[in-house]
Amino acid sequence: ILIKLKSGQIAALLPLTTAAYMGGFRGSSNESIVVRFERDAPTVKAGAVFGKVAVAIGDELRDVVAKVVLAARIIDSPSSESKAQVKPFGEEKTPPIGATSTNALAALDTFTKSGIRPYSFLIDDAWQDTKDFRIQSFGSMPSFLDGLNDLGELVKKAKEDFGVKQVGVWHTIQGYWCGVEPSKFIDKYKLVKVVKDGYPGPFEPEGYEYYIPHPDDVGRFFDDYYSIIASYGVSFTKVDNMASLDNLVSAREVLALEPTESLGPALPIPSLRIAYKGAIKAGAEKHFGSSEGGRVIWCMGMTPRMILGEQVGGGSGGRSVLRNSDDYYPNEPDSHRYHIFTNVVNAMFTSQLNLVPDLDM
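Residues numbered from 1 in each chain as written. Predicted model: local features only at pLDDT ≥ 70, side-chain atom pairs only at ≥ 80, totals over all residues. Heavy atoms only, no water.

Digging into the sheet that holds strand β1 (residues 2-4)
- Across the sheet, which stays open at both edges, the three strands sit in the order β1-β2-β5 with antiparallel pairing between neighbours. The open sheet has two edge strands with one neighbour each: β1 and β5 (53-58). When strand polarity is set aside, the average angle formed by the axes of neighbouring strands in this sheet is 20 degrees.
- Alignment of strand β2 (residues 10-15) against β5, held across six bridges, turns out to be antiparallel. Residue Ile-10 lies in a different strand from β5, and its bridge partner there is Gly-58.
- Most of the contacts of helix α1 (residues 61-76) go to β5, to which it runs at about 150 degrees, and overall it touches β1, β2 and β5. (Pairing = 2+ DSSP bridges. Helix = DSSP H or I, 4+ residues; strand = E, 2+ residues; numbered from the N terminus. Axes fitted to C-alpha atoms, helices over the stretch in contact; angles between N-to-C directions. Contact = heavy atoms within 4.5 Å.)

Dropping the structure here:
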């Protein structure tokens, strides 16, 4: 949060998020702002956990934001390595142009006729084998393939006919918006039944229940999934709906679906958050060569659990790509100014992290 002081200077406050807790600001009933810390790690022993807030004061906005991120890094890991400020993304070489569309080959044909040849191309939502917002298999929707045999043929045409160097595909962090079809996956992977709060989705109300891979098996799930799409020539993914893992209120292992559903004991929600992000990173590193530098685009994850922690600390030196705003709506001109404004404001913060801000444009 940024505060204009009476002196004319600017103060920046950044609650820390660690493996033990998540920090954030909340509004209160008396119109004040409070700092709230939520215990997060299932392995933390009972007892006091003290949250921390980094504070920086200065005259220039960008400088203050950079200073508060550096302060957070030093507080979180007071070693000599942590004091090295991350080089802002804007000072690096601009990556090659990329494009995204749900209608892959038709979009590439349009680009080519306009004299544009994207280096990379992302196949967005609508390519997967789904029904009722649940993923049915690791295959593709026949209507999307439009007469082609499989995703591999489409990827081959994108590369050979349109000169695309890298093709990626979209999916949500649960596989699809409402997870997996349990009857199609329970014979191969352990599943959990989760209940969500009021976090928005395609149609799910508060208390909506759905099925996702168990934390013990989500690594195999994404290893298998990424192995298949990599065999088709896919070399990166966009992982959407990340923040939904922040909004689960319960998770129970599915012991059986028939003759009647049987559920086991509750699982700690933090175990899902840790396992899912780790599974996707491991799958990308194994099958795409890396989870950084755009091999995974983390989407709808503007939550402290996703963007703070290792991203503040500089990590391995490589950068993760993170969506920097809400969706871009090209056919809604009135939204364009706000989209640009949002990205400029957010990028003042995210560009100081170990991230590449993605504007969804």
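A few points about the nonpolar core
- Grouped together as the largest cluster of nonpolar side chains are 78 residues, with contacts concentrated most on Ile-123, Leu-151, Tyr-226 and Ile-229.
- With seven residues, helix α7 (residues 269-287) is the single largest residue contributor to this core.
- Every residue in contact with Ile-123, bar those within four places of it in the chain, is listed here: Ser-101, Ala-104, Phe-144, Leu-151, Leu-154, Val-167, Gly-168, Val-169 and Trp-170.
- Grouped together as the second largest cluster of nonpolar side chains are five residues, Leu-122, Phe-236, Ile-297 and Val-356 included. (Core = buried A, V, L, I, M, F, W, Y, C linked by side-chain atoms within 4.5 Å. Buried < 20%, exposed > 50% of the residue type's maximum accessible area, 1.4 Å probe, protein only.)

Describing the packing of aromatic side chains
- Under the counting rule described, the total for this entry stands at 18 aromatic pairs.
- Note on Trp-170 and Trp-177: the rings are 5.6 Å apart at their centroids and 50 degrees apart in plane angle, and the pair reads as tilted.
- For Trp-177, a relative accessible area of 17% corresponds to the buried category.
- Ring geometry for Phe-222 and Tyr-276: centres 6.5 Å apart, planes at 80 degrees, overall edge-to-face. Taken as a pair, Phe-222 in helix α6 (residues 218-231) and Tyr-276 in helix α7 lie far apart in primary sequence, 54 residues in all. Per residue, the accessibility class of Phe-222 equals that of Tyr-276, and both read buried.
- Through a chain of ring-to-ring contacts, the aromatic side chains of Trp-127, Phe-138, Phe-185, Tyr-189, Phe-221, Phe-222, Tyr-225, Tyr-226, Tyr-276 and Phe-288 assemble into a single cluster.
- A cation over an aromatic ring shows up here: Lys-277 above the ring of Trp-298, its NZ or CZ 5.7 Å from the ring centre. (Phe/Tyr/Trp six-rings, centres within 6.5 Å; stacked < 30°, edge-to-face > 60°. Lys NZ or Arg CZ within 6 Å of the ring centre and 35° of its normal.)

Some points on the packing of α6 against α7
- The interhelical angle for the contact between α6 and α7, taken along N-to-C directions, is 35 degrees, at an axis separation of 8 Å. In this structure, the crossing between α6 and α7 has a hand that is right-handed. In this structure, α6 uses Val-218, Gly-219, Phe-222, Asp-223, Tyr-226, Ser-227 and Ala-230 to contact α7, whose residues at the interface are Ala-275, Tyr-276, Ala-279, Ile-280, Gly-283, Ala-284, Lys-286 and His-287.
- Considering only residue class, the contact of α6 with α7 consists of nine nonpolar, four polar and two charged. (Left-handed = near helix turned anticlockwise from the far one by under 90°. Nonpolar A, V, L, I, M, F, W, Y, C, P; charged D, E, K, R; others polar.)

Brief notes about the pairing of strand β6 (residues 98-101)
- With burial as the criterion, only one face of β6 is covered, namely that bearing Ala-99 and Ser-101; the residues Gly-98 and Thr-100 on the opposite face remain uncovered.
- Here β6 runs beside strand β7 (residues 120-123); their pairing, made up of four bridges, is parallel. Paired with Gly-98 across the bridge in β7 is Ser-120.

Some points on the environment of Leu-267
- Inspection of the secondary structure puts Leu-267 in the loop between β15 (262-266) and α7.
- As for Leu-267 and Lys-193, which are separated by 74 residues in sequence, their C-alpha atoms are 10.0 Å apart.
- If we skip the residues at most four places from it in the chain, Leu-267 touches Val-192, His-214, Pro-215, Ala-251, Arg-252, Glu-253 and Leu-272.

Quick look at the sheet that holds β15
- A sheet is described by the order of its strands in space; here four strands give the open sequence β12-β11-β14-β15, paired in antiparallel fashion. Every other strand in the sheet has two partners, leaving β12 (209-213) and β15 as the edge strands with one partner each. Neighbouring strand axes in the sheet, compared pairwise and without regard to direction, differ in orientation by 40 degrees on average.
- Inspection of the sheet shows strand β14 (residues 248-256) paired to β15 by three bridges, in the antiparallel sense. Looking across to β15, one finds that Arg-252 is bridged to Ala-266.
- Across the sheet, α7 is in contact with β11 (191-196), β12 and β14; its angle to β14 comes to roughly 80 degrees.

Some points on the environment of Tyr-226
- Tracing the chain through its elements places Tyr-226 in helix α6.
- Residue classification places Tyr-226 among the buried positions, given a relative accessible area of 0%.
- Each C-alpha atom of the pair Tyr-226 and Phe-138 lies 9.3 Å from the other, and the pair is 88 residues apart in sequence.
- Those residues within four positions of Tyr-226 in sequence are excluded, and the remaining contacts are His-171, Thr-237, Val-239, Ile-280, Gly-283, Ala-284, His-287 and Phe-288.
- For Tyr-226, the side chain forms a polar contact with the side chain of His-171, separated by 2.8 Å.
- Polar contacts involving the side chain of Tyr-226 include one to the side chain of Thr-237, which spans 3.0 Å. (Polar contact = N/O pair within 3.5 Å; in protein donor to acceptor, adjacent residues only side chain to side chain.)

Overview of a nonpolar patch on the surface
- A grouping of Ile-1, Ile-3, Leu-5, Ile-33, Val-35, Val-53, Val-55 and Ile-57 is seen on the molecular surface, where their side chains present a nonpolar patch of about 600 Å² in accessible area.
- Elements with a minimum of two residues in the nonpolar patch: β4 (33-39) and β5.
- If you tally residues by element for the nonpolar patch, the top one is β5, at three residues.
- When you line up the elements, Val-55 lands in strand β5.
- For Val-55, a relative accessible area of 49% gives the class partly exposed. (Patch = residues over 30% accessible without salt bridge, like charges linked within 9 Å, V, L, I, M, F, W, Y side chains within 5 Å. Areas by Shrake-Rupley, 256 points an atom, 1.4 Å probe, with all protein chains shown as cover. Salt bridge = Lys/Arg side-chain N within 4 Å of Asp/Glu carboxyl O.)

Nothing here speaks to function; it is all geometry.
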